[in-house]
Amino acid sequence: MGFFKKWLKEELLLFLWGWGIILLIIIFAMFAVAFFPDIAINLTGVLVLFITMVHVFLWFKNK
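These remarks concern the structure in this document. (Residues numbered from 1 in each chain as written. Predicted model: local features only at pLDDT ≥ 70, side-chain atom pairs only at ≥ 80, totals over all residues. Heavy atoms only, no water.)

Another point: the overall build of the protein. Each helix and strand counted, the protein has two helices and zero strands in total. At 16 Å, the protein has a C-alpha radius of gyration far larger than the 11 Å of a compact globule built from 63 residues. Split into buried and exposed, the 63 residues of the protein put 10% on the buried side. (Helix = DSSP H or I, 4+ residues; strand = E, 2+ residues; numbered from the N terminus. Rg over C-alpha atoms; globule rule 2.2 N^0.38 Å. Buried < 20%, exposed > 50% of the residue type's maximum accessible area, 1.4 Å probe, protein only.)

Among the structural elements, Thr 44 can be located in helix 2 (residues 40-61). Residue Thr 44 is classed as buried on the basis of its relative accessible area of 13%.

For the structure shown, the criterion picks out two aromatic pairs. Judged by centre distance (6.2 Å) and plane angle (10°), the ring pair of Phe 31 and Phe 35 falls under stacked. Pair noted here: Phe 31 and Phe 35 are both in helix 1 (residues 2-35), with a separation of four residues, about one helical turn. Given a relative accessible area of 58%, Phe 35 falls into the exposed group. (Phe/Tyr/Trp six-rings, centres within 6.5 Å; stacked < 30°, edge-to-face > 60°.)

Moving on, we get to the environment of Leu 47. Inspection of the secondary structure puts Leu 47 in helix 2. Residue Leu 47 is classed as buried on the basis of its relative accessible area, which comes to 15%.

Their axes nearest at 9 Å, the elements helix 1 and helix 2 cross at an angle of 155°. On the basis of their axis angle, the class for helix 1 and helix 2 is roughly antiparallel. Seen along the crossing, helix 1 lies across helix 2 with a hand that is right-handed. Contacts between helix 1 and helix 2 involve Trp 17, Ile 21, Leu 24, Ile 25, Phe 28, Ala 29, Ala 32 and Val 33 from the former and Ala 40, Leu 43, Thr 44, Leu 47, Val 48, Ile 51, His 55 and Leu 58 from the latter. Of the residues belonging to the contact of helix 1 with helix 2, the class tally is 14 nonpolar, two polar and no charged. (Axes fitted to C-alpha atoms, helices over the stretch in contact; angles between N-to-C directions. Parallel < 35°, antiparallel > 145°, perpendicular 65-115°, else oblique. Left-handed = near helix turned anticlockwise from the far one by under 90°. Contact = heavy atoms within 4.5 Å. Nonpolar A, V, L, I, M, F, W, Y, C, P; charged D, E, K, R; others polar.)

Turning our attention to helix 1. With 34 residues, helix 1 should cover 50 Å at 1.5 Å per step; its first-to-last C-alpha distance of 46 Å lies within 8% of that length. At Gly 20, helix 1 shows its largest kink, close to 35°. (Expected span 1.5 Å × (residues − 1). Bend = angle between axes of the 7 residues up to and from the residue.)

The structure is reproduced here in structure tokens:
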């Protein structure tokens, strides 16, 4: 049972760091277009840069 819990936790983390980030960007872009159409592409770009910086920070923090 311990192996299954460990495997499930790893799969959840992979899902959140993979598809979860992509879904976050898409949902954020949809709201940005709805509420701030003039600067939606800029806000989405800033979000992508922020997410990239967080990933890089966490990557080097764990090494």
